[in-house]
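One letter stands for each residue in the lines below.
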Amino acid sequence: MNPAINPTTEVAHPQLWVICAAYNKAAMIGRVVSELRRAGYRTIVVDDGSADATGPIAAAAGAHVVTHPLNLGQGAALQTGMDYALSRGAEVLVTFDADGQHRVADIRRLVEALARERADFALGSRFLGEAQDLPPLRRLILRAATVFTRLTTGLRLTDSHNGLRALTRQGAAAIRLRQNRMAHASEILAEIARSRLPYVEVPVSIEYTAYSLAKGQRLSDSVLILLDLLAQGLTR
Amino acid sequence: MIAQIFFSALLGIVFLYAWKEHRRSPAVAALSLITALAGLYFVWVPSQTTRLAEFVGIGRGVDLILYTWVAISLIVILNLHLKLRTQLEMITVLARAIALAGARGPQADAVGDPSTPSLPTAQWSKEVAAGSRVSGRPRA
């Protein structure tokens, strides 16, 4: 256990679990987990078949670690994390990027929004909050994604691809991700629309670093996402 | 006549294939059925191919057959892709069951946390065993 973590702070959030999907994130995962633990959050790291020491580093930092035997993708890892958290009695689940681009302080805002708005999903929006150093091309892609989301799901969102979300137990149980890889972000929104459960957008901040930008999605990925969603629509 | 019987038998197999695929992918089944019907039509009324080709602006009946063949190939590739997706979903369920069975919590949680339930691995094992139900959505 990391000596910097005070285990008694967990009592403040006994049924809140933060889920990080991580693939080859040894460089960042220790810092991310330590920050979450210092804030008192139970943390699950789903090591998605990493070739580096992501899992052991996360465990040493105080996270619950679930290790995929092979790399399946971020969508599959999030679903695994949600299954694990639900099996442990989670009442609120938060998905949090392992890149270190999200702020731990925003978790509280999401959870408070769930309670205040009586919603089952609180979705982070960088366009309601601060998006530091957001490259213009990425801004354009994200804007196009919101239009796509509105057309395909009817959800009126300002940021449709933000990895920072909070879900109630009921909300998480209503979602089943079948898109293992990049298209999972769109699939989550489609599942939210299908569930007809209430949702709310919450301003959050994203810190773009050289590391997160290198790991982030590109314009060409958008085409692959559309193909993935189309292919899923052809099967039952 | 020999060629017509031979190709009719082949297209009959396509018919059966489309019927078999109907439950998994209605879109692929519909495309296969349309293709097989068009093929039967051309086999038994070959004089119509050139007329139809001219009607759709292709020119020769042979070219129409060629283009149709390309379309059939694309449908087959699409179907293979969909089958691979289904298999990947089954692998995902299996890998998830393995991962959850081997999950480990931090030392601080293991001590003094008697409420921690055991993992319901049986649920995921059932999903794996169900196989064909992998793509289903276990919602209430």
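Definitions and limits used
Residues numbered from 1 in each chain as written. Chains lettered and ligands numbered in written order. Predicted model: local features only at pLDDT ≥ 70, side-chain atom pairs only at ≥ 80, totals over all residues. Helix = DSSP H or I, 4+ residues; strand = E, 2+ residues; numbered from the N terminus. Buried ≥ 20, exposed ≤ 12 C-beta atoms within 10 Å, placed from the backbone. Contact = placed C-beta atoms within 7 Å. Expected span 1.5 Å × (residues − 1). pLDDT = per-residue confidence, 0-100.

With that settled, the discussion passes to the overall build of chain B. What chain B contains, in helices and strands, is 6 helices and 0 strands. Shown N-terminal to C-terminal, the secondary structure of chain B runs as helices and strands in the order α-α-α-α-α-α. The proportion of buried residues among the 140 residues of chain B is 14%. Within chain B, contacts between residues separated by at least 24 positions form 50% of all contacts whose residues are at least 6 apart in sequence.

Helix and strand counts for chain A stand at 9 helices and 9 strands. Here the contacts in chain A between residues at least 6 apart in sequence split such that 76% fall between residues at least 24 apart.

The subject of this paragraph is helix α1 (residues 26-38) of chain A. Residue and element names in this part refer to chain A. The end-to-end C-alpha distance of α1 is 19 Å, a good match for the 18 Å that 13 residues give at a rise of 1.5 Å each. Here α1 has its buried residues at Met28, Ile29, Gly30, Val32, Val33, Leu36 and Arg37. Phi turns positive one or two residues past the end of α1, at glycine 40, with a value near 95 degrees.

Per-residue confidence for chain A gives a mean pLDDT of 85, with 83% of residues at or over 70. With pLDDT under 50 throughout, residues 1-11 of chain A is counted as low confidence; its partners more than four residues away or in other chains account for 18 contacts.

Residue and element names in this part refer to chain A. Relative to the elements of secondary structure, alanine 113 occurs in helix α4 (residues 105-117). Take alanine 113: there are 21 C-beta atoms within 10 Å of it, and that puts it in the buried class. Once residues within four sequence positions are removed from consideration, alanine 113 is found in contact with Ala119, Ala122, Val200 and Val202.

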